[in-house]
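Now for the letters of each chain:
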Amino acid sequence: MSLLSPKKGAVHDAPQLPPHAAGPGGRGGGHRRVAAGLLEPRMLLSSLPEALRKLRPRTMVKNPVLFVVEVGGVLTTLSAVMHASVFAWVISGWLWLTVVFANLAEAVAEGRGRAQAVSLRRARTDTTARLLKLWRPYQQDFHHEVIPASELRPLDCVLVEAGEIIPGDGDVIGGVASVDESAITGESAPVIRAAASDHSGVTGGTRVLSDRLVVRITSRPGQTFLDRMIALVEGATRQKTPNEIALSMLLTSLTIIFVMVVVAIQPMASYAGAEQSTVVLVALLVTLIPTTIGALLSAIGIAGMDRLVQRNVLAMSGRAVEAAGDVSTLLLDKTGTITFGNRRAAAFLPLPGVDPLQLAQAAQVSSLADETPEGRSVVRLAKQEYGLDLPSEGALGQATFVPFSAQTRMSGVDMRWQDGTVTRVRKGAAASVAGWVTQSGGTVPDDAARTADAIAAAGGTPLLVALEDAYGIAVLGVVHLKDVVKPGIRERFADLRRMGIRTVMVTGDNPRTAAAIAAEAGVDDFLAEATPEDKLALIRREQEGGQLVAMTGDGTNDAPALAQADVGVAMNTGTSAAKEAGNMVDLDSNPTKLLEIVEVGKQLLITRGALTTFSIVNDVAKYFAIIPAMFAGAYPGLAALNIMGLHSARSAVVSAIIFNAVIIVALIPLALRGVRYTPSSAADLLRRNLLVYGAGGLVLPFVGIKLIDLTVVQFIPGLG
Ligand SMILES: Nc1ncnc2c1ncn2[C@@H]1O[C@H](COP(=O)(O)OP(=O)(O)OP(=O)(O)O)[C@@H](O)[C@H]1O
Ligand SMILES: [K+]
Ligand SMILES: [Mg+2]
């Protein structure tokens, strides 16, 4: 198969890959602004008022498991007031603490986001905007009116000069400038923003450092990126995810069942002559219901979102973070993600009989208006190799530039001369230029195909250069574009494979180059000569097969695919259309970040699973403490169940309730940090977690309750 055969958009199986060198290396963590997962006692203390505020029944009802504990707290307090016993007071005190600890977990998780919001608010200073009355490209006279930034509406055009703050989100439609985005990204290196590129998106609150920009505003007042980001980290817009809802429904059902069990116990107990006090029944209920996971569930979700913020990724919903944990297919761009992306022209290779200078010149003029890295590198190479300067005004006749597009895969120029004749030059993907030549009745020499194939087989990108004028149409030669596979990427794909995730490289490049790079990088599959529509179709196909798909993108033509993907990560440098379409934004605009996002999502799901297991298993030991305590009087045989040898019946109940409360606080750091996580298959993870959190959760309370019984309880009078 030749490169020149216009085969489009088919998924090719990656060639047989040699077994990769396994190893955990190569998973570089992202930079972090704050050390994640640290829980200082100070934070517990400062979150206490919020935890107490959350005791309002209206708030508590949203967490049925803990609401039941609160109702229990009220009942035991009433009982303590009426019957005045130390036992009742101690139990009611610890029940209230249980609820406060649970609220504390959530408050601490929310508090960490709030600190971030404070620093973001600083970026949202009230600024003014220079609203342009009427703006045309290339107009140098900027008539404007100064208005408060808060009055800007979508489609308004504003002028921003060096040193000024960009007054709203938008797309650059005029000028090129360096912008300081540190207020939002925490990254001090300035970035370049330019009109009509995939780096045209600017964010309100960032500062123009050099030159001037004309920005077309896209955001409504109060709904800017910064506003949304603040709401997000503050948790104001947080909604329960479908998984969380399912889990809380399960926890609620369990709670209802146990309430019924405990209500049913009393008649049976009194029949056996072992009638139980309200306090003991409430204590039994609280140990039976899954309080630990009920207390930590929302903190786990908030912390997952937070871990992404630490990595400079903003998830627009908790659902997106969860989806990231369930992703089974990753679509990765070749250029910029798998390779370095500053693909450069490395050589001009003229066909036999073509003057090398003529090829260089043709390549140069066809790239004059081409602002892509590829286009600029062609102009640079022409200067380097042949000393070609930019042509003077008029040397190109009346020139019309044809910009590069992912659809045509070509760029070039049409030059109309005084005598009415036209010279057209095109450079682009081999198949596209070949098509352009044959359409006009020309032929593509075998030499061109051979040269292009050789470049592609080595992982390079061949660009054919062709020229049409009054004398006919001909291919002049090939430009060799070089790009390099990022080191360490192979190991990361191996990690992903271990987790059961399939990686698919998507590229606009030809199948041969794609195959060479795919083999070198170790992806599972690739899609070559892909247009944005092909990408969208691939996502749909994967989803129909039951896969959850994640991708990154920045261009406007990526927007439909970003919207379709289950996890669509838009680059912050990208166009606002892309940012609107995706459900996450990477402030660092690093396409490789997708790999970390998937890891964070996985860790969130694993943490929730591990702590749910722990919580449910954990309650078993408490039955062993409480059931014998309740019935040993009536059925002496039950004393055999008192395997912990607890001090007394009352001490057993109190110890179980204290342990039940304390374990919540003890697990807050784990809920916030996430459980330790190494890339491995789902089955391996399950085995490991069952061992650690299942077996551990079973044994720990026996030890803990015994210790509490031995120490604290003995010193409380009235429990002996
Ligand atoms: N500036 C350009 N001028 C002419 N042709 C180009 C230019 N840039 C790329 N091409 C050709 O068009 C093809 C498609 O480019 P496109 O940018 O759509 O995808 P890509 O950059 O190769 O891959 P990816 O999707 O990973 O970014 C390239 O493989 C190359 O042959
Ligand atoms: K419990
Ligand atoms: Mg590209």
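Procedures and definitions
- Residues numbered from 1 in each chain as written.
- Chains lettered and ligands numbered in written order.
- Predicted model: local features only at pLDDT ≥ 70, side-chain atom pairs only at ≥ 80, totals over all residues.
- Heavy atoms only, no water.
- UniProt positions renumbered as here; feature names shortened; annotations may be inferred.
- Helix = DSSP H or I, 4+ residues; strand = E, 2+ residues; numbered from the N terminus.
- Buried < 20%, exposed > 50% of the residue type's maximum accessible area, 1.4 Å probe, protein only.
- Areas by Shrake-Rupley, 256 points an atom, 1.4 Å probe, with all protein chains shown as cover.
- Lys, Arg positive; Asp, Glu negative; His and termini not counted.
- Charge placed at Lys NZ, Arg CZ, Asp CG, Glu CD.
- Pairing = 2+ DSSP bridges.
- pLDDT = per-residue confidence, 0-100.
- Right-handed = clockwise from strand over helix to strand, strands pointing away.
- Salt bridge = Lys/Arg side-chain N within 4 Å of Asp/Glu carboxyl O.
- Contact = heavy atoms within 4.5 Å.
- Domains from an automatic or database assignment.
- Buried area = accessible area lost by both parts, 1.4 Å probe.
- Nonpolar A, V, L, I, M, F, W, Y, C, P; charged D, E, K, R; others polar.

Under an unreviewed UniProt entry, the name given to the protein chain is Potassium-transporting ATPase ATP-binding subunit, and the source organism is Streptacidiphilus pinicola. On record in UniProt, under Function (unreviewed entry), the comment for the protein chain is "Part of the high-affinity ATP-driven potassium transport (or Kdp) system, which catalyzes the hydrolysis of ATP coupled with the electrogenic transport of potassium into the cytoplasm. This subunit is responsible for energy coupling to the transport system and for the release of the potassium ions to the cytoplasm."

Further remarks concern the overall build of the protein chain. When helices and strands are counted, the protein chain shows 24 helices and 23 strands. For the C-alpha atoms alone, the extent of the protein chain along its principal axes is close to 115 × 65 × 35 Å. Taking all 720 residues of the protein chain together, the buried fraction comes to 52%. Within the structure as shown, the protein chain displays about 30700 Å² of accessible surface, and the carbon and sulfur contribution to it stands at 60%. Here the protein chain contributes 65 positive and 65 negative side-chain charges, whose respective centroids are spaced 6 Å apart.

Bringing the sheet that holds strand E7 (residues 191–194) into the picture now. Spatially, the three strands line up as an open sheet ordered E7-E6-E9, and their pairing is antiparallel. For this open sheet the edge positions go to E7 and strand E9 (207–208), each flanked by a neighbour on one side alone. As paired strands, strand E6 (residues 176–180) and E9 are joined by two bridges and run antiparallel to one another. By the bridge assignment for E9, Val-179 is matched with Val-208.

Let's shift gears to the confidence of the model for the protein chain. Overall, the prediction assigns the protein chain a mean pLDDT of 85, with 92% of residues at 70 or greater. What the predictor reports for the complex is a pTM of 0.76 with an ipTM of 0.94.

It is worth spelling out the pairing of strand E21 (residues 549–553) at this point. Counting buried positions along E21 yields five of five residues, so the element is predominantly enclosed. The alternating pattern of E21 places Val-549, Met-551 and Gly-553 on one face and Ala-550 and Thr-552 on the opposite face, and all of these are buried. Bridge count between strand E12 (residues 329–333) and E21: three bridges; the pairing is parallel. When the bridges of E21 are listed, Leu-330 appears paired with Ala-550. Across four bridges, the pairing between E21 and strand E22 (residues 567–571) is parallel. Within the sheet, the bridge partner assigned to Thr-552 lies in E22 and is Val-569. Crossover connection from E21 via helix H20 (residues 559–564) to parallel E22: handedness right-handed.

Attention now moves to the pattern of salt bridges. Applying the stated criterion across every chain, the model contains 31 salt bridges. Two residues, Arg-193 and Glu-181, come together in a salt bridge whose shortest N-O distance is 3.3 Å. Here the residue Arg-193 occupies a position in strand E7, and Glu-181 occupies one in the loop between E6 and helix H6 (182–185), the gap between them amounting to twelve residues. There is no split in this pair, since Arg-193 and Glu-181 are both buried. Residue Asp-586 pairs with Lys-593 through a salt bridge whose shortest N-O separation is 2.6 Å. Looking at Asp-586, the relative accessible area reads 0%, which means it is buried. With a relative accessible area of 3%, Lys-593 lands in the buried category. Taken together, the shared-partner salt bridges connect Glu-50, Arg-53, Lys-54, Glu-106 and Glu-110 into one network.

This part is about the UniProt feature "active site" (unreviewed entry) in the protein chain. Here, UniProt's "active site" (unreviewed entry) annotation points to Asp-333. Tracing the backbone shows Asp-333 in strand E12. Leave out the neighbours within four places in its chain, and Asp-333 touches Ile-338, Val-506, Lys-535 and Thr-552.

Here the protein chain is partitioned into domain 1 (41–112 + 234–306 + 600–648 + 669–715), domain 2 (128–167 + 169–218), domain 3 (313–338 + 489–587) and domain 4 (341–484). Taking only C-alpha atoms into account, the centre of domain 1 sits 41 Å from that of domain 3. Facing 15 residues of domain 1, the contacting portion of domain 3 comprises 14 residues. Between domain 1 and domain 3, a total of about 1200 Å² is buried, with carbon and sulfur atoms accounting for 62% of that surface. The three residues of domain 1 that bury the most area against domain 3 are Met-305, Lys-602 and Pro-679, which together make up 41% of that side's buried surface. Applying the counting rule to domain 1 against domain 3 returns one salt bridge. Glu-322 is the partner of Arg-608 in a salt bridge, and the nearest nitrogen-oxygen pair spans 2.4 Å. Among the elements of the structure, helix H8 (242–271), helix H10 (291–310) and helix H22 (593–631) are those that each provide at least two residues to the side of domain 1 that touches domain 3. The element contributing the most residues to the side of domain 1 that touches domain 3 is H22, with five residues. Tallied by class, residues from the side of domain 1 that touches domain 3 come to six nonpolar, six polar and three charged.

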